[in-house]
Amino acid sequence: MWQLTLLGMVPITEKTQEIIHLADLFLLDIKHIHPEKCKNLVGFSNEKELAFAKTLSKLEKPMWIRQVIIPGITDDEEDLKLLKDFLSSLQTVEKVELLKYHDMGKFKWEKLGVSYELDNIPPATDDDIIRAKKILDIKSY
């Protein structure tokens, strides 16, 4: 069996290779396109997920990319242009979904007594999604 790595970063195990070859479609969430902003948002960089997307593209595996639009965090025009450039570098993206940020799970954090980091962020609106789709040049909504 051949050896795969995520662009030299992380070796993919034999089991992972089996799954990649058996799967017909991959759904990938990009938390934030900018590595440092991603780290600030979720606690780690996006390098592995972006490398995995490139690996899937090289292997000609179809994928859907999803990104949550969080007002003031993931909707910056320059970041969306970076996302557009990244997506256009992939050959097998069949669909891009932009998901509206909401705070419906906030109560879970409160019940756990944990600070909700996005406490002052308003939910994304239809207009936020429409604007992001224009920047990304995504036609449907």
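Reading the values: rules and limits
- Residues numbered from 1 in each chain as written.
- Predicted model: local features only at pLDDT ≥ 70, side-chain atom pairs only at ≥ 80, totals over all residues.
- Heavy atoms only, no water.
- Salt bridge = Lys/Arg side-chain N within 4 Å of Asp/Glu carboxyl O.
- Helix = DSSP H or I, 4+ residues; strand = E, 2+ residues; numbered from the N terminus.
- Buried < 20%, exposed > 50% of the residue type's maximum accessible area, 1.4 Å probe, protein only.
- Pairing = 2+ DSSP bridges.
- Axes fitted to C-alpha atoms, helices over the stretch in contact; angles between N-to-C directions.
- Contact = heavy atoms within 4.5 Å.
- Phe/Tyr/Trp six-rings, centres within 6.5 Å; stacked < 30°, edge-to-face > 60°.
- Lys NZ or Arg CZ within 6 Å of the ring centre and 35° of its normal.

(A) Here's a closer look at the pattern of salt bridges. Counted under the stated rule, the structure contains 8 salt bridges. One salt bridge connects arginine 66 with aspartate 29, and the closest N-O pair in it is separated by 2.7 Å. Of this pair, arginine 66 sits in strand β4 (residues 63-69) while aspartate 29 sits in strand β3 (residues 26-29), and the two are 37 residues apart along the sequence. A relative accessible area of 25% places arginine 66 in the partly exposed class. You can call aspartate 29 partly exposed: its relative accessible area is 29%. Via salt bridges that share partners, Asp29, Lys31 and Arg66 belong to a single interconnected network.

(B) The sheet that holds strand β5 (residues 93-100), seen in detail. A sheet is described by the order of its strands in space; here 3 strands give the open sequence β3-β4-β5, paired in parallel fashion. Here the strands that pair on one side only, and so sit at the sheet edges, are β3 and β5. The sheet shows a mean angle of 20° between the axes of neighbouring strands, taken without regard to direction. Note that β3 and β4 share 4 bridges and pair parallel. Bridging across to β4, aspartate 29 finds its partner in arginine 66. This element, helix α3 (residues 47-58), spans β3 and β4 of the sheet and lies at about 155° to β3.

(C) Region of the structure containing the packing of aromatic side chains. A complete count under the given rule lists 2 aromatic pairs for this structure. Look at phenylalanine 26 and phenylalanine 52: their rings are 6.0 Å apart centre to centre, the planes differ by 80°, and that puts the pair in the edge-to-face class. Of the two residues, phenylalanine 26 sits in strand β3 while phenylalanine 52 sits in helix α3, which places them 26 residues apart along the sequence. Given the relative accessible area of 11%, phenylalanine 26 is considered buried. Ring geometry for tryptophan 109 versus tyrosine 116: centroids 5.8 Å apart, planes at 65°, classification edge-to-face. A relative accessible area of 15% places tyrosine 116 in the buried class. Over the ring of tryptophan 64 we find lysine 95; its NZ or CZ atom is 4.5 Å from the centre of that ring.

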